[in-house]
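Take a look at the letters that make up each chain.
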Amino acid sequence: MQVHKYDVVIVGAGGAGMRAAIESGQRAHTAVLTKLYPTRSHTGAAQGGMCAALANVEEDNWEWHTFDTVKGGDYLVDQDAAEVMAKEAIDAVLDLEKMGLPFNRTPEGKIDQRRFGGHTRDHGKAAVRRACYAADRTGHMILQTLYQNCVKHNVEFYNEYYVLDLLTVDEEVTREDGTTYMQKKTAGVVSYDLANGEIHVFQAKSVVFATGGLGKIFKTTSNAHTLTADGMALAYRAGIPLEDMEFVQFHPTGLAGLGILLSEAARGEGAILRNSEGERFMERYAPTIKDLAPRDIVARSMANEVREGRGAGPNKDYVLLDLTHLEPAHIDAKLPDITEFARTYLGVEPYTEPVPVFPTCHYAMGGVPTNVKAEVLQDNDTVVPGLFAAGEVACVSVHGSNRLGTNSLLDINVFGKRAGIAAAEYAATAEFVDIPENPTAFTENQLNAMRASTGGERTATLRTELQETMDANMQVFRSEETIKEALAVIADLRKRYKNVQIQDKGKRFNLDLLEAVELGFLLDMAEVMTVAALHRKESRGGHYREDYPERDDENFMLHSMMYLDPESSTDGTTGIRADTKPVVFTRYEPMERKY
Amino acid sequence: MSTPTKEAAEPASKIDMKESGGGGEIPSFDVTLQVRRYDPEFSDDARWDEWTITMYGTDRVLDALHKVKWEIDGSLTFRRSCAHGVCGSDAMRINGRNRLACKVLLKDLDTSKPIMVEPIKGLPVEKDLIVDMEPFFQSYREIMPFMVNNSPAPTGERIQSPEERERFDDTTKCILCAACTSSCPVFWTDGQYFGPAAIVNAHRFIFDSRDDAGDMRLEVLNDKEGVWRCRTIFNCTDACPRGIEVTKAIQEVKRAVLTRSM
């Protein structure tokens, strides 16, 4: 066991992790632990843009952006956080430009902007051009630019180091009224070096989780193979609650059958959705902004068209994204990558043929609860000193029950920067917390048990069964029946998981072993998500219950908070305690969500 | 790119649909996959393993590797992440050509013969298809792959015309997969050569109107291991999964060395 000591350890090197590292690295002794080479992170797959009310091409302001974010999230957004994000969006874009990001330009040489779903002028009057972009590879350019600046600032990376445990210690604290509670404190993390299988302990005053999302819980997903809910699961196992986990975004336009993302920028540039009858069906579901309605609405509308028999294709199981009325030169200039995806993977020529599309699991709105300083909370309001989270792993909550397109690239930049600064500032005055005894015992026991297992179950088989049940039961339409079906399958898979047997017994680059570990994260988080969905007996944003089709503000205008609790046994969901947290309102009263 | 945004005509609410999209069942077929295996923990020698598996018309080489890893031999080892050609993890030699495994459809290969998969060349093999990427990133870091601008920052953005932005558009597409560098015969024989990817990333900044360090990068690349080692073989251009005109970019850097700093 090797022990390292840093002021700040950042876990994950996507957009949020590297944005944090650029700030923290200039202020404190910082290490970034990442299971991938930084430029492999999935931020690079984001396409369409990053919204900020620069007003470079038409009138706009951050208050409109805040409103759209709150309304887009079906009012489950914490409005103070949304305001911070929309205000700081402008500097976040300008920071990136100054770091070198090659945004597309207006004829005057300013950053160009385009339309995106749910982003409107003056509280919903019409679509507004707010998304700053670099062709349809904005995420790629953000990831590259942040990595370039990490190189510039000599950020210290530990590449292909998997973090497998979060080390915290509990201390009894007495409140002013004499009652006591257990305060968590951050001691560091346990990490596994993929190259040789060695275990490293990183003691740190501050730990920043920036590990991304959980898309691989589902079969059809735009997410990378490596998005396996690691950070959420590690925090949860360490006793930190998870917020709003029932809310998953299904992006409307995944390539049918494959899930590969076709950016909403296609619709921002004028593409429209049609059913098998050639009808532009979004005119019926969102008469004002039509195809540029928020993603949850478009995804549900598409699934409904298919359900009612108007799906296209031989099995009538997808709808069509029509770009054929757009000029080929315009498509080439603004959407080169995604049209190539259609050609490469489906053999469809977007100039002349509509592209088969269907909703694909894209983004987790929920995650590790934080405040606007990116500090992690151990309950509704108690900060865990020294623990921070930013990006998809976190829930601030700026996305509520449905994230608007481009707000994730914004989130990682605004809250990544905040996390990096806060982590370094905390480390400047804090003391190291002593590493608990036998810090690697949990990790080593887990890995050794997997290496020794002769149980005969295959990781891939269990993972496929999980993904298939989640696609069938937990996608855009849910009900008590489907949720309970998913829970039963997950319970069975969790039992079988104990018998997972790996074939690679070596120490070098043992991805067979790590995939088995990742499956454990997926199973834990699938269960939390499903339990949270069972408790939310209403429909809001990305969570649609056919048995409760209306939004119910009276009973459910609340964040869900799920705790790991072996003592808990309610409603057939043993081991998970469900609680709630109030939503923060500042200026917007909930209204019916119409577009 | 960067044409002024113009209003497209509103598309029709309803159109007549031709019967579209595919022809029912996705065809399946058998492929034989031969993979070069190496794990120094267990043997100093590399070997070829072969599997015959049933795959489908939409499957890529990466899907075939996954099928083997997930269903037959869990020790088969390769890097991958996004699986659609943007993260750059899975560059490998497929039938002798550098490709991303997630971008090569099996049906586009000659499946009557075995599909040969090897690690990319010129970088030390760690295990099976995984190579040590550190020398590759070392060269990348040496060309100063970040914007240097010595003038005081404006409050807003720095102004750049669409034409200035277009000048280096092609080389911003690089995903650092190393397919180009590890396809270059000069790099195979001389690992000190910076290689195409580092030069591409230098190009991205040298031709960015906002950058002030072009001359320093040109000086680095005027080194004996720099651009002059390029023999315009065009392997790099053929290998690039992002369609970057790599050889052209190298030629432009060569020309800049001659005209700008000398």
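Residues numbered from 1 in each chain as written. Chains lettered and ligands numbered in written order. Predicted model: local features only at pLDDT ≥ 70, side-chain atom pairs only at ≥ 80, totals over all residues. Heavy atoms only, no water.

Going by the annotation in an unreviewed UniProt entry, the name recorded for chain B is succinate dehydrogenase, with Nesterenkonia sandarakina given as the source organism. According to its UniProt record, chain B has this under Sequence similarities (unreviewed entry): "Belongs to the succinate dehydrogenase/fumarate reductase iron-sulfur protein family." (UniProt positions renumbered as here; feature names shortened; annotations may be inferred.)

Under an unreviewed UniProt entry, the name given to chain A is Succinate dehydrogenase flavoprotein subunit, and the source organism is Nesterenkonia sandarakina. If you open the UniProt record of chain A and go to Catalytic activity (unreviewed entry), you find "a quinone + succinate = fumarate + a quinol". Quoted straight from UniProt, the Subcellular location (unreviewed entry) entry for chain A says "Membrane".

Re the sheet that holds strand β5 (residues 126-132) of chain A
All names here are of chain A. In spatial order, the strands read β3-β5-β4; together these 3 strands make up an open sheet with antiparallel pairing. Of all the strands in the sheet, the pair left with one neighbour each is β3 (50-51) and β4 (113-121). Bridging between β4 and β5 involves 5 bridges; their strand directions are antiparallel. Note that in β5 the partner of Arg 114 across the bridge is Ala 131. (Pairing = 2+ DSSP bridges. Helix = DSSP H or I, 4+ residues; strand = E, 2+ residues; numbered from the N terminus.)

A word on the nonpolar core
Counting residues in hydrophobic clusters, the biggest one holds 126 residues, and the most contacted among them are Val 61, Leu 65 and Val 253 of chain B. Of the residues forming this core, the biggest block, 10 residues, is contributed by helix α11 (residues 407-429) of chain A. A domain split of this core shows at least three residues from each of domain 1 (28-131) and domain 2 (133-150 + 163-259) of chain B. Aside from chain neighbours lying at most four places away, what touches Val 253 of chain B is Ile 199, His 203, Ile 206, Phe 207, Leu 218, Leu 221 and Val 227 of chain B. Counting 88 residues, the second-largest nonpolar core is a separate cluster that includes Tyr 192, Leu 234, Leu 511 and Phe 521 of chain A. (Core = buried A, V, L, I, M, F, W, Y, C linked by side-chain atoms within 4.5 Å. Buried < 20%, exposed > 50% of the residue type's maximum accessible area, 1.4 Å probe, protein only. Domains from an automatic or database assignment. Contact = heavy atoms within 4.5 Å.)

Some words on empty space enclosed by the protein
Residue and element names in this part refer to chain A. Tallied over the full model, the rule gives 11 cavities of 30 Å³ or more. A volume near 210 Å³ is recorded for the second largest cavity. It is helix α15 (residues 511-535) that provides the largest number of residues to the lining of the second largest cavity, a total of 3 residues. Counted by class, the lining of the second largest cavity contains 6 nonpolar, 4 polar and 8 charged residues. (1 Å grid on protein atoms, 1.4 Å probe; cavity = no way out; pocket = protein on both sides within 12 Å on 5 of 7 lines; lining within 4 Å. Points joined across faces, edges and corners; volume = space filled by probe spheres on them. Nonpolar A, V, L, I, M, F, W, Y, C, P; charged D, E, K, R; others polar.)

Concerning helix α1 (residues 15-25) of chain A
Residues and elements named next belong to chain A. For α1, a buried count of 10 out of 11 residues is recorded, marking the element as mostly surrounded by other parts of the structure. Among the residues making up α1, those that are buried are Gly 15, Ala 16, Gly 17, Met 18, Arg 19, Ala 20, Ala 21, Ile 22, Glu 23 and Ser 24. Buried-residue contacts for α1 involve β1 (2-11), β2 (30-34), α3 (79-99), α4 (138-152), β6 (156-159) and α11.

Some remarks on the UniProt feature "domain: FAD-dependent oxidoreductase 2 FAD-binding" (unreviewed entry) in chain A
UniProt feature "domain: FAD-dependent oxidoreductase 2 FAD-binding" (unreviewed entry): in the numbering of this structure it lies at residues 7-409 of chain A. The annotated region residues 7-409 of chain A carries 27% helix and 28% strand content, and the separation between its end C-alpha atoms amounts to 27 Å.

Let's talk about the interface of chain A and chain B
Listed as interface residues are 82 residues of chain A and, on the opposing side, 86 residues of chain B. With both chains or domains summed, chain A and chain B bury close to 7000 Å², and 50% of this area falls on carbon and sulfur atoms. The tally of links from chain A across to chain B stands at 9 salt bridges. Of the charged contacts, one joins Lys 103 of chain B and Glu 340 of chain A as a salt bridge, the two residues approaching to 2.8 Å between their closest N and O atoms. Applying the counting rule to chain A against chain B returns 44 residue pairs in polar contact (both at pLDDT 80 or more). Elements that contribute at least two residues to the side of chain A that touches chain B include exactly α3, α4, β12 (272-274), β13 (319-322), α9 (328-334), α10 (336-346), α13 (459-473) and α15 of chain A. (Buried area = accessible area lost by both parts, 1.4 Å probe. Salt bridge = Lys/Arg side-chain N within 4 Å of Asp/Glu carboxyl O. Polar contact = N/O pair within 3.5 Å; in protein donor to acceptor, adjacent residues only side chain to side chain.)

So, helix α2 (residues 134-142) of chain B
Burial in α2 of chain B covers these residues: Phe 136, Phe 137, Ser 139 and Tyr 140 of chain B. Within α2 of chain B, the buried residues cover an arc of 155° as seen down the axis, which keeps them to one side. Here the buried face of α2 of chain B lies against α4 of chain A together with α5 (196-206) of chain B. A positive backbone phi angle near 55° is found at Met 144 of chain B, which sits one or two residues after α2 of chain B. (Arc of directions from axis to C-beta.)

Side note on the pattern of salt bridges
Within the structure shown, the criterion is met by 80 salt bridges over all chains. A salt bridge links Arg 536 of chain A to Glu 538 of chain A; its shortest N-O distance comes to 2.7 Å. The exposure class assigned to Arg 536 of chain A is buried, which follows from its relative accessible area of 3%. Under the relative-accessibility criterion, Glu 538 of chain A is labelled buried at 0%. Asp 73 of chain B is paired through a salt bridge with Arg 37 of chain B; the nearest N and O atoms lie 3.1 Å apart. Residue Asp 73 of chain B is located in the loop between α1 (61-71) and β3 (91-94), and its partner Arg 37 of chain B is located in strand β1 (residues 28-37); the two are separated by 36 residues in the primary sequence. Arg 37 of chain B shares its class with Asp 73 of chain B; the two are buried. One network of salt bridges, in which partners are shared, links Asp 74, Asp 244, Glu 246, Asp 296, Arg 300, Arg 536, Glu 538, Arg 540, Arg 551, Asp 553 and Arg 593 of chain A.

Quick notes on the pairing of strand β19 (residues 558-564) of chain A
Residues and elements named next belong to chain A. Extensive coverage of β19 is indicated by the burial of 5 of its 7 residues. When β19 meets strand β20 (residues 576-582), the two strands line up antiparallel, connected through 7 bridges. Counted as the bridge partner of Leu 558 is Pro 582 from β20.

A closer look at the domain arrangement of chain B
Residue and element names in this part refer to chain B. Domain boundaries in chain B define domain 1 (28-131) and domain 2 (133-150 + 163-259). Each of domain 1 and domain 2 has a C-alpha centre, and these two points are 28 Å apart. At the junction of the two partners, domain 1 supplies 18 residues and domain 2 supplies 15 residues. Around 1300 Å² of area is buried between domain 1 and domain 2 when both sides are counted, 58% of it from carbon and sulfur atoms. Three residues, Asn 98, Lys 121 and Leu 123, lead the burial of domain 1 against domain 2; their summed loss comes to 36% of the area buried on that side. Our count for the domain 1 to domain 2 interface comes out at 2 salt bridges.

Topic: the environment of Thr 52 of chain B
All names here are of chain B. Inspection of the secondary structure puts Thr 52 in strand β2 (residues 47-56). When its relative accessible area of 51% is taken as the criterion, Thr 52 is described as exposed. For the pair Thr 52 and Val 68, spaced 16 residues apart in sequence, the C-alpha separation works out to 9.3 Å. When neighbours within four sequence positions are excluded, Thr 52 is seen to be in contact with Asp 30, Val 31 and Thr 32. Here Thr 32 takes part through its side chain, which lies 3.0 Å from a polar atom of the side chain of Thr 52.

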